[in-house]
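# Structural characterization, general
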Amino acid sequence: MRRPARVRLRSKLSPLFYTESDVNQVVLRLLTFLANSYLIRLVSAEVLGVVYVRLTLLLTTTLFLSREPLRKVSFTKHSPEEWPKLVGLIWLALPVSVCLAVILSLIWMFILEPPPLLYYKLGCVVFGASALIELLGELPYIYLVNNLHIKAPLIAEGTLQITRTVVTIALAHYSTSILPFIIGHLISAIITTCLLWGMYFMKVNKTDKVRYEGIQVSSVHLRLAVSFTKQSILKQLLTEGEAYVMTLFPIISFAQQGVFSTISRLASIVMRVGFKNIEDSYYLLFAQMLKRGLPLEQQNKDALQTCKETLGNLLRFMTFFGIIITMYGLSFARVALLLYGGKKLADTEATFLLQLYCPYIYACGVNGISEAFFFSIMSQVEVEQHNYRLLVFSVVFLGLSIVLSYILGTPGFILANIANMVIRITVSLRYITSFYNSADMVYRMVPNIPQVMLIVVCGGTALLSKFVLEIIADSTLGYILHVLIGGLSVILVLQYTWLAEDQSFKLFIKSILPNRVRQKLE
């Protein structure tokens, strides 16, 4: 019996939903997260500020501007005949990346004010070189993802994080300078790149699908890559704006930067573990199912309906998740910091910073999904138009970061980030509404009144228990009782939400769960 078109489309793209390999990736990232919580107890806040803000900004700027445009172009649906031209584009980008890494490393060493730490200039050289080594693995990464060998790049990324953390912690017992971080980044980059190429040759030899002769570059791909490069520069400014402000302007000390970066990493574990994987997977899904630049009337109707339902359910899921994170973040921020970094970290302004980060996590989740759809279907002309909007957003965001940080200190950076995300979400949702000539996806984000009331009451109960138990007994037993009360209220919220939701949303949630969990629910 022939299956309906929508079912065939879902079946074809089933590897994009959560699988056992995704769960393995989450476990790896959680292990890395726990290892980092041990690492911050070994080194000073000043060292963390230099590594996690200054040097990491050098690394991420080089990587993002070099590979983000290539991935945006390469992950769009292509015919097999276009692959040699995509390979040519990837190799053409390498010398540009070398120039970028050299220029940024020189700026970091000789123009920016150096911190009073040993091995800083060596760190600038090695972090730039590590970025270039990672970029050598871009060709196998793109090939493996496009051929739906999803486990391979996930293994490589997990290896990168685990190797970097293990080497750094091992060396941090002998030196509390930035040297362990330098060596950890270099070794992990080499191992990960070699691993990607090894998996690439194993897959190519097995499928025998790829043969390249010479370097060919498509003018269409090149123009699109240039457009995405402009967009990536602006997106990088929007994403890492506070790090650029901290690096270029002496607003807060390196020690304060260390506390901020620690909180940022703790809060962003949700984005790194869940949001990034979901965003990348559904960008690939939308890009494969819909044709870039074509109007609604010329798209496949079954694909349109499937993407519409999926997008609406994704936005609703992110809304519920964000509201719960925000409400319970107020109650459990200090508990999380006590577990992550100890009393020394929890007694600083870190608790307030983490509470502020909770609504930012919510905004990031909604923005990631809306932009995944937005960027997957834009034509080259629309990409160029959006670049001008991003330029305006970048100027506004950097201005807000500078002004608010001067007035409020470190919390100003988080507030500027929230404002930036709200603006970007508004633009993306307007485009989605215009594309579908419908606001159904936006309405799906709005929870019903009983759900909101229950979340507010349960979250308020957890917050009240925090204040009462801290006043009566600021002890381990008090915190255990607080966690139990909060945990029970969370279970109540999740249970009611599941029972109150429609069948479409329940089916969507089951589709993104691992097979074992899905079977238990059924």
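Quick summary incoming for the structure in this document. Remember, predicted model here, so these are calculated numbers, not experimental data.

### Topic: the environment of I377
Summarising the element assignment, I377 is placed in helix α15 (residues 350-377). Given a relative accessible area of 2%, I377 falls into the buried group.

### Regarding unusual backbone geometry
Generally, phi is negative for residues other than glycine and the peptide bonds are trans, each holding for most cases. The backbone phi angle of Y119 is positive, close to 70°, even though this residue is not glycine. Note that Y119 resides in the loop between α4 (83-110) and α5 (120-135). For Y119, a relative accessible area of 39% puts it in the partly exposed group. In the Ramachandran plot, N437 falls in the positive-phi region, its phi being about 55° despite a non-glycine side chain. In this structure, N437 sits in the loop between α17 (411-436) and α18 (440-444). Given a relative accessible area of 61%, N437 falls into the exposed group.

### A few points about the pattern of salt bridges
Using the criterion set out here, one finds 5 salt bridges in the structure. Between E68 and K72 there is a salt bridge, and its shortest N-O distance comes to 3.7 Å. On the criterion of helical spacing, the pair formed by E68 and K72 is a turn pair, its members being 4 residues apart in helix α3 (residues 45-74). K72 shares its class with E68; the two are buried. Here E134 and R164 are joined by a salt bridge, their closest N and O atoms 3.3 Å apart. Of the two residues, E134 is situated in helix α5 and R164 in helix α7 (residues 151-172); the sequence distance between them amounts to 30 residues. In the salt-bridge network here, residues are joined through shared partners; they are R67, E134 and R164.

### A word on the packing of helix α13 (residues 301-341) against helix α20 (residues 476-500)
Any two packed helices are characterised by the angle at which their axes cross and by the distance between the axes. Interhelical geometry of α13 versus α20 gives an angle of 170° and a closest axis separation of 11 Å. What the angle tells us is that α13 and α20 run roughly antiparallel. On α20, the residues that touch F320, I324, Y328, S331, F332, R334, V335 and L338 of α13 are Y479, H482, V483, G486, S489, V490, V493, L494 and T497. Its residues placed into classes, the contact of α13 with α20 shows 11 nonpolar, 5 polar and 1 charged.

### Notes on helix α10 (residues 241-248)
Taken across its 8 residues, α10 has 7 buried, putting it largely inside the fold. Buried within α10 we find G241, E242, A243, Y244, V245, M246 and T247. Packing partners of the buried residues in α10 comprise α3, α4, α9 (219-239), α11 (254-267), α16 (380-408) and α17.

### Quick notes on the packing of α3 against α4
For the pair α3 and α4, interaxial distance at closest approach is 10 Å and the crossing angle is 160°. Between α3 and α4, the angle falls in the class roughly antiparallel. By crossing handedness, the relation of α3 to α4 is classed as right-handed. Here R54, L55, L57, L58, T61, T62, L65, S66, L70, V73 and S74 of α3 come into contact with α4, specifically with L86, L89, I90, A93, S97, L100, A101, L104, S105 and W108. Partitioned by chemical class, the residues of the contact of α3 with α4 number 14 nonpolar, 6 polar and 1 charged.

What counts, and at which threshold
- Residues numbered from 1 in each chain as written.
- Predicted model: local features only at pLDDT ≥ 70, side-chain atom pairs only at ≥ 80, totals over all residues.
- Heavy atoms only, no water.
- Helix = DSSP H or I, 4+ residues; strand = E, 2+ residues; numbered from the N terminus.
- Buried < 20%, exposed > 50% of the residue type's maximum accessible area, 1.4 Å probe, protein only.
- Salt bridge = Lys/Arg side-chain N within 4 Å of Asp/Glu carboxyl O.
- Axes fitted to C-alpha atoms, helices over the stretch in contact; angles between N-to-C directions.
- Parallel < 35°, antiparallel > 145°, perpendicular 65-115°, else oblique.
- Contact = heavy atoms within 4.5 Å.
- Nonpolar A, V, L, I, M, F, W, Y, C, P; charged D, E, K, R; others polar.
- Left-handed = near helix turned anticlockwise from the far one by under 90°.

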